[in-house]
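Chain residues, written in single-letter form:
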Amino acid sequence: MGWWKQAIEATKRNDPAVKSSVEVVLTYPGIHALFFHKLSHWLYRKNLFLLARIHSQFWRFLTGIEIHPGAKIAPGVFIDHGAGVVIGETAEVEEGVVLFHGVTLGGTGKDTGKRHPTVRKGAFISANAQILGPIEIGTRAKIGAGAVVLNNIPDHATAVGIPAKVVRINGKKVQHD
């Protein structure tokens, strides 16, 4: 399946407001940012770092979504609304991930090398969640709106709060002391 088809299907699957594929292609900034990130990432991999950054900043200006050219993003990711989304250089985002507006996949400023999160397949990151550092968000994990996540979140878990705590795993409540 081609990139555009996956992107359109992900959008239709995650946004009940979609009326048509044409609407998605023409009006969804998340699709635009992800598509043009592919070129920025290609330039980055060719060691054309400055050109990659200039290209990514141009699309940041137009979409309100900042994706570092070094970030690795699989096809089928959906960015809803998009305003204020930031994805750092060493972030990795797998297929089927949903990111809402204001999400940051950022660093803490304390790490070198791998400094940004890895978000596993099918994870759902709600509005204004801040995922910080070289941590992992598990497969099909859910992060609540406004959460600040500083530690790994297991597969199929729900985490909320500041700092984020796991409150459910596989749909069952987790008891905290």
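Owing to the predicted nature of the structure, the values given are computational and were not obtained by experimental measurement. (Residues numbered from 1 in each chain as written. Predicted model: local features only at pLDDT ≥ 70, side-chain atom pairs only at ≥ 80, totals over all residues. Heavy atoms only, no water.)

A. Structural context of the sheet that holds strand 2 (residues 72–73). Within the open sheet, the 4 strands sit side by side as 2-5-8-11. Their pairing is parallel. Because the sheet does not close on itself, it has two edges, and the strands there are strand 2 and strand 11 (136–137). (Pairing = 2+ DSSP bridges. Helix = DSSP H or I, 4+ residues; strand = E, 2+ residues; numbered from the N terminus.)

B. Quick look at the packing of helix 3 (residues 29–45) against helix 4 (residues 49–63). Direction vectors running N to C along helix 3 and helix 4 enclose 175 degrees, while the axes themselves pass 8 Å from each other. On the basis of the axis angle, helix 3 is roughly antiparallel to helix 4. Packed against helix 3, whose contacting residues are Pro29, His32, Ala33, Phe36, Leu39, Ser40, Leu43 and Tyr44, the element helix 4 presents Phe49, Leu51, Ala52, His55, Ser56, Trp59 and Thr63 at the interface. In terms of residue class, the contact of helix 3 with helix 4 is built from 10 nonpolar, 5 polar and no charged. (Axes fitted to C-alpha atoms, helices over the stretch in contact; angles between N-to-C directions. Parallel < 35°, antiparallel > 145°, perpendicular 65-115°, else oblique. Contact = heavy atoms within 4.5 Å. Nonpolar A, V, L, I, M, F, W, Y, C, P; charged D, E, K, R; others polar.)

C. Spotlight on a nonpolar patch on the surface. On the surface, Trp4, Val22, Val25 and Leu26 cluster together into a nonpolar patch covering about 360 Å² of accessible area. Locating Trp4 in the fold gives a position in helix 1 (residues 3–14). (Patch = residues over 30% accessible without salt bridge, like charges linked within 9 Å, V, L, I, M, F, W, Y side chains within 5 Å. Areas by Shrake-Rupley, 256 points an atom, 1.4 Å probe, with all protein chains shown as cover. Salt bridge = Lys/Arg side-chain N within 4 Å of Asp/Glu carboxyl O.)

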